[in-house]
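Secondary and tertiary structure notes
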Amino acid sequence: MKDSRSHKGSTFKQYRVVVLAVLANLVLWYFSPDRARISIGTTGSVFREMLMILPPVFFLVGMLDQWVPREVIGKYVGHESGIKGMVISLLLGSATVGPLYAGFPLAAMLLKKGARMSNVVAFLTAKAAAEVPLIVMESKFLGARFALVRVSLTFVAAIAMGWIMEQLSRGWSETSSDSTSPKPAK
Amino acid sequence: MYSLILYLLAIVSAAVSFRADQEKTRQAFRVSVRSLVKVAPTMLGIVGVVGLLLALVPPHWISTYLGEKAGFVGTIAAAVIGAVTLIPGLVAFPLAGSIYAQGASTMTVAAFITTLTMVGFVTAPTEIEQLGKKMTIWRNSLSFVFALVIAVLMEVILP
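Remember, predicted model here, so these are calculated numbers, not experimental data. Starting from 1, residues in each chain are numbered consecutively following that chain's sequence as written. The order in which chains are written sets their letters, starting at A; the order in which ligands are written sets their numbers, starting at 1. Restriction of local features to residues with pLDDT of at least 70 applies here, the model being predicted, together with a cutoff of 80 or more for giving and counting side-chain atom pairs; totals for whole chains, interfaces and linings are based on all residues.

**Brief notes about the packing of helix H6 (residues 103-112) of chain A against helix H7 (residues 124-131) of chain B**
Inter-axis angles, ranging from 0 to 180 degrees, are taken between N-to-C directions of lines fitted to C-alpha atoms, where helices are fitted over the stretch in contact. Think of it this way: any DSSP run of H or I at least four residues long counts as a helix, any run of E at least two long counts as a strand, and we number them from the N terminus. At a closest axis distance of 9 Å, the pairing of H6(A) and H7(B) adopts a crossing angle of 20 degrees. The pairing of H6(A) with H7(B) is recorded here as roughly parallel in orientation. In this structure, the crossing between H6(A) and H7(B) has a hand that is right-handed. Packed against H6(A), whose contacting residues are Phe104(A), Pro105(A), Ala107(A) and Ala108(A), the element H7(B) presents Thr126(B), Glu127(B), Gln130(B) and Leu131(B) at the interface. Under the convention adopted here, Pro, Cys and the residues Ala, Val, Leu, Ile, Met, Phe, Trp and Tyr are nonpolar, Asp, Glu, Lys and Arg are charged, and Gly plus all remaining residues are polar. Residue classes in the contact of H6(A) with H7(B) are distributed as five nonpolar, two polar and one charged. The cut-offs work like this: below 35 degrees is roughly parallel, past 145 is roughly antiparallel, 65 to 115 is roughly perpendicular, and the gaps in between are oblique. Crossings are assigned a handedness: left-handed for a near helix turned anticlockwise from the far helix by less than a right angle, right-handed for a clockwise turn. Residue pairs are scored as contacts if the distance between their C-beta atoms, which are placed from the backbone, is within 7 Å.

The following block contains the structure:
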């Protein structure tokens, strides 16, 4: 939030949400310092979380992009991967820990390298709602039965959503073309 | 802990990769830095909005509100609140537990958790940057609908 001071047109525009958030916090501070303290504290902790996670995630995705050939991605999660591809995607989703936004760079890279839309959506869904640490936490607070039933339903939903998204995506061309995922040099 | 593993993994793979092919490693590094710089404004914006949201809508309000609201209205409210908020996992489950304890139905708690995790209203800008607008809108809308379906099924299976 520090580098929001720049007055260069495009930079300012890019950071307008940050600027607004800073202003909102100042207003909040004026009316309710307690609330502002909560806001700034939360912002700090979420920022720290992002800082801990995003740089290595982007680097690892960049490495996979460099080292894993298209054919391998195609074979495991591509159009001919079938049920195996779906199972791999669901397991990959539940096994990779961390917030959902950490899964976007990987999803973008997989799509770019020829992964099937249904598998990428299933991966994201499983990552969001059926991660292993999530299930552990959930069992603790809501009971193991609750967690197991919800996770099983989530897997079914992930498969169904993947199928629907794949039918829909046939009509798109945008899907991964405007991604920020690593692009091979020139 | 998790981030320690990530950083270790990144460092070890960088070292191994560097020995095998310097150019590929440099390229991976350059590309990842560029991607990070590109998502930074959106990410920082998200961070600011999350802080404000949690300050203006304290978690205990959510649990009191959803605990009192009964029936399908409560479930829809839970799904909407779950979709628009981004609550860190460490807060989310104790919160879901207290919503349950305050009398909300299985359906409501399931809807809340499912949209909370699957639908990312606040993170949509970065999802759009990385996966495209159509994919983001559809993924989030479908997640919302499926969250309600999951919630209803949960109520049937675990009344």
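From this point, the narrative continues.
**Let's talk about helix H2 (residues 22-56) of chain B**
Under the convention used throughout, the expected extent of a helix is 1.5 Å for every residue step, that is, one less than its residue count. With 35 residues, H2(B) ought to run about 51 Å at 1.5 Å a step, and its terminal C-alpha atoms sit 49 Å apart, in line with that. A bend of about 45 degrees at Ala40(B) is the largest found in H2(B), and the proline Pro41(B) appears one to four places after it. Fitting axes to the seven residues ending at a residue and to the seven starting there, one defines the bend at that residue as the angle between these axes.

**Some thoughts on the domain arrangement of chain B**
Along its sequence, chain B is carved into domain 1 (1-43) and domain 2 (57-157). The start and end points of each domain follow an automatic or database-based domain assignment. With centres defined by C-alpha atoms, the gap from domain 1 of chain B to domain 2 of chain B works out at 33 Å.

**Concerning the nonpolar core**
As used here, a nonpolar core is made of buried Ala, Val, Leu, Ile, Met, Phe, Trp, Tyr and Cys residues. They are joined through C-beta atoms within 7 Å. Counts of 20 or more other C-beta atoms within 10 Å of a residue's own C-beta define buried residues, counts of 12 or fewer define exposed ones, and intermediate counts define partly exposed ones; C-beta atoms are placed from the backbone. Grouped together as the largest cluster of nonpolar side chains are 93 residues, with contacts concentrated most on Ala107(A), Leu110(A), Val120(A), Ala96(B), Val109(B) and Phe112(B). A per-element tally of this core places H2(B) first, with twelve residues. Apart from the residues lying within four places of it in its own chain, the contact partners of Leu110(A) are Ile73(A), Val77(A), Ala115(A) and Val120(A).

**With respect to the interface of chain B and chain A**
Counting residues at the interface gives 65 residues for chain B, matched by 71 residues for chain A. Elements supplying a minimum of two residues to the side of chain B that touches chain A: helix H1 (2-20), H2, helix H5 (89-101), helix H6 (106-118), H7 and helix H8 (133-157) of chain B. Looking at the side of chain B that touches chain A, the element that brings in the most residues is H2(B), giving 23 residues. Here the residues of the side of chain B that touches chain A are counted per class, giving 39 nonpolar, 19 polar and seven charged.

**Some words on the environment of Ala129(A)**
Mapped onto the elements, Ala129(A) comes out in helix H7 (residues 117-129). In the structure, Ala129(A) is positioned 25 residues away from Thr154(A) in sequence and 6.9 Å away in space, judged by C-alpha atoms. Residues in contact with Ala129(A), not counting those within four places in the same chain, are Thr154(A), Thr114(B), Thr117(B) and Met118(B).

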